[in-house]
Amino acid sequence: MSGIEVLGPDASGAENVQCWAASGLPIPPSWRVSREAVLALQVDDLARRLRALPRMFGRQRRWVLHHGVMNPRSRRESLLKLDSDQALARALHQLFEHRPGPDHAIIQALPNLQAAGVLFTRHPLRQDLSHMVVEGVRAGAGQRQRLVFDADGRLVHRGDGSPALDRIVPAEALVTLGQMLRNRFDHPQAGEWVYDGERIWLLQSLPVGSLPVPEEAWNRRAGGALFNQALTPLWYTLEGRWLKTAFWWPLARRHGWKELENVEPYRRQHSHLYSNGLYFRRLAETWPAAWLQVPPAWQPPESLDDATTRRRLSPPRRRWLWALAVLEHRQKQLQLKHERAVGDRDALWHQLIELDRIGERLARLEGRLCYLWLPELSHYQAQPFPLTSLLTASELRALDQALNLKMGDRGKRDEGDTGEGAELATLRPGDDPVHASVQDSPSLKAVLEAAGERRRRHDPGDRLDTEIAAWLSVAKRARALRQKLAEQLRGWLVHAARELVSQELLAHPDDIHFLYFDELWILWMQRRIPKSAAGRIIAQRKVRYLEDALVGAPDWKMDRIGYGFGGSPSEPLLLGLPLVAGRVEGPVRRICSAWALNNIRPGDVLVLDEADAAWTPWLARASALILSRRDPANPAASLARACGIPAVWGLADALHGVRDEEWVALDGAAGTVARNAPPGPGG
């Protein structure tokens, strides 16, 4: 009809709806209506012409009128939804009778609607999440509901509307639309959609203006098993420097990353170590698993799970094992030297330097393991690695002793027994030298001795690929050496602290852990207190460290903004992946660091992000576990399977989505966690 033009698929068309339809997006039947055609007819005549247009939806048709941009600076069009031909005719007359006005308008035909809303291909408020967010309203309801899908298309958050939006609109259809928009556009999109009971229609899509690309990004999770909790200033200046000088900077030189020369790979904030996303951005060019350690805005649009891009595994080289054997021998020799050097200040300092050299050489191996090989291994594993492949023999014995510990064993443990309880008594909940062994920590020991559900460890019988098992064995051996090195360093520091306190250079022996390395050198070698380590400053560092260890820290720091921390949880139901079946109700206990282990009580539902392998005796006291990521190398996930602890994993942002003491109901088989659920009978 003259003045009313059908807008079919056309990749080079002048209208967006033509280009979108040509790319396969579900665009409703569309027409371009000119001003002349509308003003030449009366409203009733125009309504009859509209009714005669082809490709309609029967008598229940509706219309959408693209009203033009909302303001000159906006790309968003105002969409007017109309329920009859007569209403559309009147709206077109009103639009074109105003001068100045547009020369034409776009109209689209729709059937009766059951729901409508907006789909964001990436979270509109969280720079750290690649989640797709859908907001919608069902027909006849005024309450807006929200659905959140992860990068794999799983529904992970659902609002509390009734009936739920995903029961009206198929979740698969929403995920498909989101994937189509991601593939069609380079920038995150907000697509306005409607659902007619059979299919979803896209009305318009525009870039999400609230999601700029960050210039810098720092990730708290990027350290693997190396930095999974708060760390003291001294441990930061030691192990952080080891990895920087022995792994990251040589790697940058070898690959020609000129822009990263002299760029710091680490930053300590909130007493946690953050890794520079720029390093992982370059690393991902040859190690695809590293893409998971950069913010969503930096990740490529193609799938990260393309098997053709994965690095083929090969067995550990003999020189790795030889290098570990040499370092183990040097560590044992140095331990013998320490016993003979007591009382000689210069000799003791040289021993500290020797420990520093061993740590640097070990970091070269562990950097390759934790940043290169182990992330690639995890890609091939759908279930947690067997617990025996992650824990050392000593840690496994300590776990079994904790599981079988009786109240009557208290006296025996207090006497420092060197028999079957030796592993548990000497266990330390982390590598940082500030952590004392169980036998020196009454609060940690009390948690293990508290009455509660007793469990036994069962091997699920999973068989690992030979090459994966070989790499995990090397990683376990390297971690055991790091633990021995940290324990030996703790012994040195305890001895040095006593001498510094006697000389009134330190107020308390624990203060030595809150010195930076250069401050420790001035105290020990020059026997004076540097201004940067005055008593007031050390006290502030200790308080801040303990607060950060118990409260936790943001997952990301991007352009000086922290993401994944604090806020008010709003979703009553959290959705993850099933790990271990079982229904449990209980209070939440967030474990952000080893210092929170002594707060565990029988019946607690523990929430974790990353876990140290040494924590397993305490984690076994939990009634249930909630893990924020689906990480096969997480010892907490392996513990849940081995001990039959009901658990959910892959529950994104779990650590910051609940509060301590909040009552929850966990269903391990369904992968759900209900917040604020009332206690059951007798609860």
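Calculation rules
Residues numbered from 1 in each chain as written. Predicted model: local features only at pLDDT ≥ 70, side-chain atom pairs only at ≥ 80, totals over all residues. Heavy atoms only, no water. Helix = DSSP H or I, 4+ residues; strand = E, 2+ residues; numbered from the N terminus. Axes fitted to C-alpha atoms, helices over the stretch in contact; angles between N-to-C directions. Parallel < 35°, antiparallel > 145°, perpendicular 65-115°, else oblique. Left-handed = near helix turned anticlockwise from the far one by under 90°. Contact = heavy atoms within 4.5 Å. Nonpolar A, V, L, I, M, F, W, Y, C, P; charged D, E, K, R; others polar. Pairing = 2+ DSSP bridges. Expected span 1.5 Å × (residues − 1). Buried < 20%, exposed > 50% of the residue type's maximum accessible area, 1.4 Å probe, protein only. Salt bridge = Lys/Arg side-chain N within 4 Å of Asp/Glu carboxyl O. Phe/Tyr/Trp six-rings, centres within 6.5 Å; stacked < 30°, edge-to-face > 60°. Polar contact = N/O pair within 3.5 Å; in protein donor to acceptor, adjacent residues only side chain to side chain. pLDDT = per-residue confidence, 0-100.

Colleague: So what's going on with unusual backbone geometry? Which residues, and what values?
Modeller: One non-glycine residue, His270, lies in positive phi territory at about 55 degrees. Relative to the assigned elements, His270 resides in the loop between β13 (266–269) and β14 (272–276). Even without being glycine, Asp653 reaches a positive phi, approximately 65 degrees. On the secondary structure map, Asp653 appears in the loop between β22 (647–649) and α21 (654–657).

Colleague: Tell me what's going on with the packing of helix α16 (residues 466–502) against helix α17 (residues 517–526), and back it up with residues and numbers.
Modeller: Across the interface, α16 lies against α17 with an axial gap of 11 Å and an inter-helix angle of 55 degrees. Of the possible angle classes, the one that applies to α16 and α17 is oblique. In this structure, the crossing between α16 and α17 has a hand that is left-handed. Seen from α16, the contacting residues are Trp492, Leu493, Ala496, Glu499 and Leu500; seen from α17, they are Leu520, Leu523 and Trp524. By residue class, the composition of the contact of α16 with α17 is 7 nonpolar, no polar and 1 charged.

Colleague: Mind laying out the sheet that holds β14, listing which residues take part and the relevant values?
Modeller: With antiparallel pairing, 5 strands are arranged side by side in an open sheet as β13-β14-β12-β15-β16. The open sheet has two free edges, formed respectively by β13 and β16 (561–563), since each of these has just one partner strand. In this sheet, adjacent strand axes meet at a mean angle of 30 degrees when their direction is disregarded. Note: strand β12 (residues 217–219) against β14, 2 bridges, orientation antiparallel. Bridge pairing links Asn219 to Ser275 in β14. Relative to β13, helix α7 (residues 233–255) is tilted by about 165 degrees, and along the sheet it contacts β13 and β14.

Colleague: An account of the packing of helix α3 (residues 43–51) against helix α4 (residues 85–97) is needed here, citing residue identities and associated values.
Modeller: Contact geometry of α3 with α4 gives a least axis separation of 8 Å together with a crossing angle of 120 degrees. Classified by the angle their axes make, α3 and α4 are oblique. Between α3 and α4 the crossing geometry is right-handed. Judged by residue contacts, Val43, Asp44, Leu46, Ala47, Leu50 and Arg51 of α3 engage Asp85, Gln86, Leu88, Ala89, Arg90, Leu92 and His93 from α4. Of the residues in the contact of α3 with α4, the class split is 7 nonpolar, 2 polar and 4 charged.

Colleague: Explain α4 residue by residue, including any values.
Modeller: The terminal C-alpha atoms of α4, which comprises 13 residues, lie 18 Å apart, in line with the 18 Å expected from a rise of 1.5 Å per residue. Residues of α4 that are buried: Asp85, Ala87, Leu88, Ala89, Ala91, Leu92, His93, Leu95 and Phe96.

Colleague: Provide a residue-level description of the environment of Val580, including the pertinent values.
Modeller: By the element assignment, Val580 lies in strand β18 (residues 577–580). Among the residues examined, Val580 registers a relative accessible area of 12% and is labelled buried. As for Val580 and Ala637, which are separated by 57 residues in sequence, their C-alpha atoms are 9.0 Å apart. In this structure, Val580 is in contact with Ala640, Arg641, Gly644, Ile645, Pro646, Ala647, Gly668 and Ala669, ignoring residues within four places of it in sequence.

Colleague: Mind laying out the pattern of salt bridges, listing which residues take part and the relevant values?
Modeller: Proximity of charged atoms lets side chains of opposite charge pair with each other. This structure, assessed with the given rule, holds 39 salt bridges. Glu5 is the salt-bridge partner of Arg32, the closest N and O atoms lying 2.8 Å from each other. Separated by 27 residues along the polypeptide, Arg32 in strand β2 (residues 30–34) and Glu5 in strand β1 (residues 4–6) bring together distant segments of the chain. For Arg479, the salt bridge identified is with Glu395, shortest N-O distance 2.9 Å.

Colleague: An account of the packing of aromatic side chains is requested, with residue identities and associated values reported.
Modeller: Scanning the model with the defined rule gives 17 aromatic pairs in all. When the centroid spacing of 4.8 Å and the interplanar angle of 65 degrees are considered together, the rings of Phe247 and Trp248 count as edge-to-face. Among the residues examined, Phe247 registers a relative accessible area of 4% and is labelled buried. For the ring pair Trp320 and Trp471, a centre distance of 5.1 Å and an interplane angle of 80 degrees mean the geometry is edge-to-face.

Colleague: Can you lay out the side chain of Asn276 for me, pointing to particular residues and giving the numbers?
Modeller: Tracing the chain through its elements places Asn276 in strand β14. Of the polar contacts made by the side chain of Asn276, one reaches the backbone oxygen of Glu264; its length is 3.1 Å. Here Asn276 is in contact with Ala217, Trp218, Val263, Glu264 and Pro265, once residues within four sequence places are set aside.

Colleague: An account of the confidence of the model for the chain is requested, with residue identities and associated values reported.
Modeller: Chain-level statistics for the chain give a pLDDT mean of 87 and a share of 90% at 70 or above. Note on residues 70–74: pLDDT under 50 across the span, and 4 contacts to partners over four residues away in sequence or across chains. Across residues 407–418, confidence stays below pLDDT 50; counting only partners more than four residues off in sequence or on other chains, it has 13 contacts.

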